[in-house]
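Below are the chains, spelled out letter by letter.
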Amino acid sequence: MATEMQKVFTRSPLLGTNTHSLCPGCGEPNAIRVLMENIEEMEERENTICVLGIGCYTAFAALMEIDCQQAMHGRAPAQATGVKRVLPDRLVFTLQGDGDMVTEGIQEVIHAASRGEKITAVCLNNAAFGETGGHMTATSVVGQKTKSTLGGRDPEVHGHPIRLPEMLQGFEGVAYVARGTVHTPVGVKKTKKLLRAALETQRRGLGFGLVEIVTMCPTGWFVPTADGPRFQEEHLLPIFPVGELKRPAGLDV
Amino acid sequence: MSDLKRAFLEGGHALAEAAIQAGCRFYCGYPMTPSTEVLEYMARRMPEVGGVCVNVESELEGINMVWGATGAGVRSMIASTTNGMSLMQESLSEMVLGRIPAVIVNMGRGQGDYNMCTRGGGHGSNPAIVLAPSSGPEAVETAYRAFHLAEKWRHPVMIFGDFLLSHTSETVTFEPPEDTLGPLPDKDWATDGARGRPPRLLTSLGMRITDAPDGSPLPDAQTRTDVTAPMRLAVQRHEEIAAAEIRVETHWLEDAELVVSAFGVPARFAQYAARLARDEGMKIGFVRPYTLLPFPAETFRRVAERGLPIAVFENNAGQMVQDVRLAVEGRAPVHFIGGISMDSSGFGVGPHIDALHILQRLREVYATRNAA
């Protein structure tokens with residue numbers, strides 16, 4: 001008896017046919033995949049502009065089948081503001097890392113949030129500068145060993161990690177704030193929903209949205225590739241709890 | 001107000017109005033004297049024409065907003081002053097590589113930003129096209145021209161003025177100059193949502209190049225990355241711009257025995273000083289570079305080939321004079337007769353911005369012109 005095969009998974013057509021060069025075990029491609037799936041499902045491919053920061057994920061500019069602008073390190077929320085203000089009916093989002101958004105560019109994201117810019121800021125938070133080979137960012141957790149915190153991040157010397165979603169949720173101009181994870185299949189599915197809610201918030205013109213996605217970086221954490229999810233679970237998620245922090249009343253997605 | 005054709009306006013206001021009439025629909029700025037008036041004017045006028053004016057939280061944010069808005073295909077401008085320009089430099093440099101045709105106005109304090117503007121103050125030394133108007137009417141003309149050149153070459157254009165340009169009221173006429181009336185290339189780079197077309201990437205990093213190094217198309221929608229391509233193309237573009245866009249004002253070169261050169265509003269003082277000197281019988285010629293980049297080196301070279309000494313007046317410690325020296329390549333003596341001149345405000349207006357002061361310096365140089 002022949003079994004009819006059902007296609008249950010395919011690469012988003014918005015991710016093109018080129019390959020990427022990110023490390024095995026990296027969480028960023030998972031996050032970007034569900035982001036692009038959302039744009040496809042929302043039928044916004046021809047209406048979306050992505051502004052990418054500088055980090056490992058910048059390589060995805062060569063794959064994403066939507067209009068993209070590359071920004072300077074940290075400046076994407078300002079650049080996205082320029083795009084959105086002149087094209088208010090488009091869907092505009094930033095794609096940045098923790099080094100980009102929280103370390104180098106915290107001014108830009110804070111002011112964009114306080115102005116209530118109707119954009120969506122997406123932060124891929126792996127608590128390290130992955131691209132440089134594992135250095136401390138503003139979100140590296142206490143005790144985390146990096147090439148610039150050899151004995152682990154010491155609050156006396158290096159300060160404490162910044163929790164951007166918790167910081168921005170009280171801003172009047174901020175409509176949607178959430179944190180997701182991509183270290184488990186369930187996490188990926190939930191993150192997709194968070195991103196959908198954030199993009200829908202923008203589509204309805206309700207205000208600024210931020211989704212921080214905790215992503216694995218075994219290379220930058222100096223752990224075996226397969227240990228990435230475990231390391232994230234043990235060391236990062238207690239500091240960066242997953243869930244929705246703010247959602248507009250009546251948002252039904 | 002929307003069809004303003006002729007008005008008596010401060011230079012900063014006149015430049016802002018001309019930008020709007022040239023189609024600028026996004027402006028942002030951070031207040032700083034003497035560029036504040038551009039922001040004030042735009043804050044009032046932009047909403048009237050359906051444009052956007054943002055009072056930004058820093059110059060750094062401002063320049064990147066202009067990057068985004070320009071990249072979306074809308075004519076955009078930012079004005080700032082000296083220190084604010086320093087803050088923008090990383091993005092300015094990269095906007096040259098990324099070919100973002102924005103217009104950037106530096107109403108400087110004095111003329112000490114000449115090198116920053118013409119060399120490109122950021123990494124890699126990637127300068128914009130730099131235009132230096134010397135009056136309100138020319139500032140108006142320059143606003144139209146800046147947007148035109150920016151899109152013609154797909155290259156940022158900087159307008160370099162000062163306190164005197166921004167604050168002097170003159171009668172201006174809002175009429176695009178003839179050289180800006182020609183057709184411009186399609187904005188086939190604008191990222192405004194890929195409606196009915198393949199997606200675009202606006203980048204300074206040489207990603208998503210669709211042809212091979214020999215220019216032949218890559219097969220099957222493949223792309224490649226070449227991080228040096230934007231740099232090489234910028235160099236090539238500068239050569240093409242230099243061959244096509246140099247503008248320079250000259251007077252009395254035919255019988256000159258000494259040539260005085262200056263740029264911006266101080267050049268009007270220098271020109272007047274030259275006229276006074278000629279009234280005294282001194283044969284003095286005058287050269288005013290309008291395009292600081294590309295620099296009118298050929299004009300200076302021709303002067304130098306006649307062995308004529310050149311006196312350069314600038315309100316800084318001597319910056320354009322270096323370009324003059326490079327242009328003449330030792331063929332003629334080059335004297336610096338400028339200097340840093342500021343009153344207590346620090347805004348760049350001081351005792352040397354005075355035709356009689358410049359006249360005295362010209363008398364001194366003229367007297368020694370045959371000494372060498």
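So, how was this worked out
- Residues numbered from 1 in each chain as written.
- Chains lettered and ligands numbered in written order.
- Predicted model: local features only at pLDDT ≥ 70, side-chain atom pairs only at ≥ 80, totals over all residues.
- Domains from an automatic or database assignment.
- Contact = placed C-beta atoms within 7 Å.
- Helix = DSSP H or I, 4+ residues; strand = E, 2+ residues; numbered from the N terminus.
- Nonpolar A, V, L, I, M, F, W, Y, C, P; charged D, E, K, R; others polar.
- Pairing = 2+ DSSP bridges.
- Axes fitted to C-alpha atoms, helices over the stretch in contact; angles between N-to-C directions.
- Buried ≥ 20, exposed ≤ 12 C-beta atoms within 10 Å, placed from the backbone.
- Right-handed = clockwise from strand over helix to strand, strands pointing away.
- Parallel < 35°, antiparallel > 145°, perpendicular 65-115°, else oblique.
- Left-handed = near helix turned anticlockwise from the far one by under 90°.

K.L.:
Sorry, what's going on with the domain arrangement of chain B here?
P.N.:
By convention, interface size is frequently given as the accessible area that disappears when the constituent parts associate. Residues and elements named next belong to chain B. Under the domain assignment, chain B is made up of domain 1 (6-176) and domain 2 (248-367). Taken residue by residue, the interface counts 24 residues in domain 1 and 23 residues in domain 2. Breaking the side of domain 1 that touches domain 2 down by element, the ones donating at least two residues are helix H5 (114-119), strand S6 (129-131), strand S7 (157-162) and helix H7 (163-167). The element contributing the most residues to the side of domain 1 that touches domain 2 is H5, with four residues. Looking at the side of domain 1 that touches domain 2 residue by residue, the class counts come to twelve nonpolar, ten polar and two charged.

K.L.:
Looking at this model, I keep getting lost on the sheet that holds S6(B). Mind explaining?
P.N.:
Two orientations exist for strands paired in a sheet by backbone hydrogen bonds: parallel and antiparallel. All names here are of chain B. With mixed pairing, the seven strands of this open sheet are ordered in space as S3-S2-S4-S5-S7-S6-S13. This sheet does not close on itself; its edge strands, each paired only once, are strand S3 (52-55) and strand S13 (291-293). The sheet shows a mean angle of 20 degrees between the axes of neighbouring strands, taken without regard to direction. Here S6 runs beside S7; their pairing, made up of three bridges, is parallel.

K.L.:
Which parts of the structure should I look at to understand the sheet that holds strand S10 (residues 248-251) of chain B?
P.N.:
All names here are of chain B. If you walk across this open sheet you meet the five strands as S10-S12-S11-S14-S15, and the pairing is mixed. With one partner strand each, in any of the chains shown, S10 and strand S15 (334-336) form the two edges of the open sheet. Shown here is a sheet whose adjacent strand axes are inclined to one another by a mean of 20 degrees, direction ignored. Looking at chain direction, strand S14 (residues 310-312) and S15 are connected through three bridges and run parallel. By the bridge assignment for S15, Ala311 is matched with His335. Across the face of the sheet, helix H12 (residues 355-367) comes into contact with strand S11 (258-261), strand S12 (284-289), S14 and S15 while running at roughly 145 degrees to S11.

K.L.:
Hey, could you run me through unusual backbone geometry in this one?
P.N.:
Leaving glycine aside, a negative phi is the common case for residues, and trans is the common case for peptide bonds. The omega torsion of the bond from B:Thr33 to B:Pro34 falls at 10 degrees, within 30 degrees of zero and hence cis. Note that B:Pro34 resides in the loop between strand S2 (26-29) and helix H2 (36-48). Here the amide bond leading from B:Leu293 into B:Pro294 is cis, since omega sits at 5 degrees, within 30 degrees of zero. Relative to the elements of secondary structure, B:Pro294 occurs in the loop between S13 and helix H10 (297-305). Of note, the phi angle at A:Glu43 is positive, near 55 degrees, even though the residue is not glycine. Note on A:Glu43: 8 C-beta atoms within 10 Å, which makes it exposed.

K.L.:
Before we go on, may I ask you to explain the pairing of strand S6 (residues 208-214) of chain A in this structure?
P.N.:
Every other side chain in a regular strand lies on the same face of the sheet, so the side chains alternate between the two faces. All names here are of chain A. Within S6, seven of the seven residues are buried, which leaves the element mostly enclosed by the surrounding structure. Across the two faces of S6 the burial is the same, with Phe208, Leu210, Glu212 and Val214 and Gly209, Val211 and Ile213 all buried. Relative to S6, strand S4 (residues 120-125) is paired through six bridges, and the arrangement is parallel. Note on S6: the bridge partner recorded for Thr120 is Gly209. As for the winding sense of the linkage, the β-α-β connection from strand S5 (residues 174-181) through helix H7 (residues 185-203) to S6 is right-handed.

K.L.:
Can you help me understand the packing of helix H1 (residues 28-41) of chain A against H7(A) in this one?
P.N.:
Two packed helices can be described by the angle between their axes and the distance between those axes. Residue and element names in this part refer to chain A. Here H1 crosses H7 at 45 degrees, and the two axes come no closer than 9 Å. The angle between H1 and H7 places the two elements in the oblique class. The two elements H1 and H7 cross, and the hand of that crossing is right-handed. Touching Asn30, Ala31, Val34, Leu35, Glu37 and Asn38 of H1 are Val188, Thr191, Lys192, Leu195, Arg196 and Leu199, all from H7. Grouping the amino acids of the contact of H1 with H7 by side-chain chemistry returns six nonpolar, three polar and three charged.

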